[in-house]
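Commentary on secondary and tertiary structure
Residues per chain, in single letters:
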Amino acid sequence: MFRLAHLSDPHVGPLGRPRLSQLFGKRATGYANWRRGRSRSHDMATLSLLVTDLRAQGAGHIACTGDLCNIGLPSEWATAHSFMGALGPPEDVSLVPGNHDAYVRGSLEGLLDACGAYTADDSGTQAHFPYLRRRGPLALIGLSSAIPTKPFVASGRLGPPQLAAAETLLRALATEPGRPCRVVMIHHPPHPGGASPGRELKDAAAFTAMIGRVGANLILHGHNHIASLARIAGPGGRMVPVVGVPSASALPDGHGAVPARRAGYMLYDIARVNDGYAIAARRRGLDAAGSMADLGPLDLGPGATLSV
């Protein structure tokens with residue numbers, strides 16, 4: 001059995017006071033939103049508690065699906081690197097970026113310069129998407145939906161070249177002897193209707209059509225700051241689970257008052273069964289008392305397992 005942990009949207013702080021010259025365009029509105037209340041929705045003590053709890057679960061690998069940053073300031077890149085180091089070394093942790101990591105032009109490049117080792121594929125190439133990492137029975141496929149957008153827009157896009165490369169990669173993995181368990185990591189919910197207008201993946205229909213042709217075993221995302229489960233059809237109508245997690249730093253009050261929005265993460269225990277895999281999923285995160293706890297299984301299929 002192989003254990004995979006998944007967290008997202010830590011929005012690492014504190015956010016230093018930017019220079020006036022850095023507050024142009026979207027950063028100006030983003031900084032104002034941070035000062036007005038967003039900073040009180042993300043608590044670094046909660047994030048530290050979550051990371052400590054996650055590290056104690058014996059995961060063989062950790063997937064982080066983006067939004068390390070808040071408004072893409074250069075000072076945030078070193079903070080993001082420190083956070084990733086707290087999760088583990090690059091060989092044990094995989095990263096895909098989110099929309100806040102690409103807040104303005106140049107932000108994504110700065111983050112990937114600092115944290116690119118966490119996106120290195122098995123050949124050592126960094127910051128190129130999609131990437132492939134093999135860990136135990138898993139083939140981890142990292143996609144980037146992170147693009148700079150206008151103020152008050154948080155949408156994402158993969159683009160035709162990345163979609164085509166992902167399809168080629170997933171198809172090749174599906175035909176390998178002993179087929180690995182194919183886990184796709186992306187920041188935005190990748191299915192139509194997965195996020196509200198202005199926050200959606202623009203080419204979600206193209207992504208789901210691609211999965212319909214080549215399939216996957218599990219798709220992980222963040223972005224919505226809520227625990228969620230959807231399913232999209234793979235080849236032959238076989239359903240592929242699409243799992244979202246809340247922000248890893250959401251406070252138990254305010255934005256995190258809804259239980260599914262409290263800071264949390266997912267654990268997947270993955271075991272080969274005949275010619276497929278059984279995936280047992282459990283949620284961990286803040287309970288009503290503000291302590292890290294087991295929040296129970298997530299039913300991916302019959303009996304909280306899914307053979308794919």
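For the structure itself, look to the data block above.
Now for a description of the structure that goes with this document. Not measured: the values here are computed from a predicted model. (Residues numbered from 1 in each chain as written. Predicted model: local features only at pLDDT ≥ 70, side-chain atom pairs only at ≥ 80, totals over all residues. Heavy atoms only, no water.)

Looking now at the sheet that holds strand β1 (residues 2-7). Strand pairing in a sheet relies on backbone hydrogen bonds. The paired strands run either parallel or antiparallel. Pairing is mixed in the open sheet, where 6 strands are placed in the order β3-β2-β1-β10-β11-β12. Every other strand in the sheet has two partners, leaving β3 (93-95) and β12 (292-298) as the edge strands with one partner each. Going across the sheet, the axis of each strand differs from the next one's by a mean of 25 degrees, ignoring polarity. Pairing geometry for strand β11 (residues 276-286) and β12, over 6 bridges, is antiparallel. (Pairing = 2+ DSSP bridges. Helix = DSSP H or I, 4+ residues; strand = E, 2+ residues; numbered from the N terminus. Axes fitted to C-alpha atoms, helices over the stretch in contact; angles between N-to-C directions.)

This next bit is on the environment of A80. Following the sequence through the fold, A80 ends up in helix α3 (residues 74-87). On the accessibility criterion, A80 (1% relative accessible area) is buried. In this structure the C-alpha to C-alpha distance between A80 and H11, which are 69 residues apart in sequence, comes to 8.8 Å. Leave out the neighbours within four places in its chain, and A80 touches L68, L111 and C115. (Buried < 20%, exposed > 50% of the residue type's maximum accessible area, 1.4 Å probe, protein only. Contact = heavy atoms within 4.5 Å.)

A separate point is the packing of helix α5 (residues 160-174) against helix α6 (residues 204-214). Interaxial distance between α5 and α6 falls to 10 Å at its minimum, and their mutual angle equals 20 degrees. Comparing their axes, α6 and α5 come out roughly parallel. For the crossing formed where α5 meets α6, the hand is right-handed. In this structure, α5 contributes L163, A166, E167, L170, R171 and A174 to the contact, and α6 contributes A206, F207, M210, I211, R213 and V214. Counted by class, the contact of α5 with α6 contains 9 nonpolar, no polar and 3 charged residues. (Parallel < 35°, antiparallel > 145°, perpendicular 65-115°, else oblique. Left-handed = near helix turned anticlockwise from the far one by under 90°. Nonpolar A, V, L, I, M, F, W, Y, C, P; charged D, E, K, R; others polar.)

Helix length check: helix α2 (residues 44-55), at 12 residues, gives a terminal C-alpha distance of 16 Å against a target of 16 Å (1.5 Å per residue), a fit within 8%. Within the span of α2, buried status applies to T46, L47, L50, V51, D53 and L54. Down the axis of α2, the buried set is contained in an arc of 165 degrees. They therefore lie on one face. What points out from α2, more than 90 degrees from its buried face, is the exposed set A45 and T52. Contacts from the buried residues of α2 go to β1, β2 (61-64), α3, β10 (264-273), β11 and β12. (Expected span 1.5 Å × (residues − 1). Arc of directions from axis to C-beta.)

This part takes up the sheet that holds strand β9 (residues 239-244). Across the sheet, which stays open at both edges, the 6 strands sit in the order β4-β5-β6-β7-β9-β8 with mixed pairing between neighbours. What marks the edges here is a single partner per strand, and that holds for β4 (131-135) and β8 (228-233). On average, each strand axis in the sheet is tilted by 25 degrees relative to the strand beside it, whichever way the strands run. The pairing of strand β6 (residues 181-185) with strand β7 (residues 218-221) spans 3 bridges and is classified as parallel. Within the sheet, the bridge partner assigned to V184 lies in β7 and is I219. Those strands touched by α6 are β6, β7, β8 and β9, and its axis lies near 60 degrees from that of β8.

In this model, F129 is joined to P130 through a cis peptide bond whose omega is 0 degrees. Here P130 is to be found in the loop between α4 (107-115) and β4. Backbone geometry places H225, a non-glycine residue, at a positive phi of 60 degrees. Position of H225 relative to the elements: it lies in the loop between β7 and β8.

With that out of the way, let us pick up the side chain of H191. Mapped onto the elements, H191 comes out in the loop between β6 and α6. In contact with H191, other than residues within four places in its own chain, are A204, T208, A230, I232 and V242.

To continue, consider the packing of aromatic side chains. Overall, the coordinates contain 1 aromatic pair when judged by the stated rule. Arranged with centres 5.8 Å apart and planes meeting at 50 degrees, the rings of F129 and Y131 form a pair that is tilted. Among the residues examined, Y131 registers a relative accessible area of 1% and is labelled buried. (Phe/Tyr/Trp six-rings, centres within 6.5 Å; stacked < 30°, edge-to-face > 60°.)

Attention shifts here to the pairing of β4. The side chains of a regular strand alternate between the sheet's two faces. When you tally the buried positions in β4, you get 4 out of 5 residues, the bulk of the element. Here 5 bridges tie β4 to strand β5 (residues 138-142), and the two strands are oriented antiparallel to one another. Within β5, the residue paired with Y131 across the bridge is G142.

What follows concerns the pattern of salt bridges. If the charged atoms of two oppositely charged side chains come close together, the side chains can form a pair. Here the structure, examined in full by the defined rule, presents 8 salt bridges. With a closest N to O distance of 2.7 Å, D269 and R3 form a salt bridge. Separated by 266 residues along the polypeptide, D269 in strand β10 and R3 in strand β1 bring together distant segments of the chain. Residue D269 is classed as buried on the basis of its relative accessible area of 18%. A salt bridge links E176 to R134; the nearest nitrogen and oxygen atoms lie 2.5 Å apart. Remark: R134 occurs in strand β4 and E176 occurs in the loop between α5 and β6; sequence separation between them is 42 residues. (Salt bridge = Lys/Arg side-chain N within 4 Å of Asp/Glu carboxyl O.)

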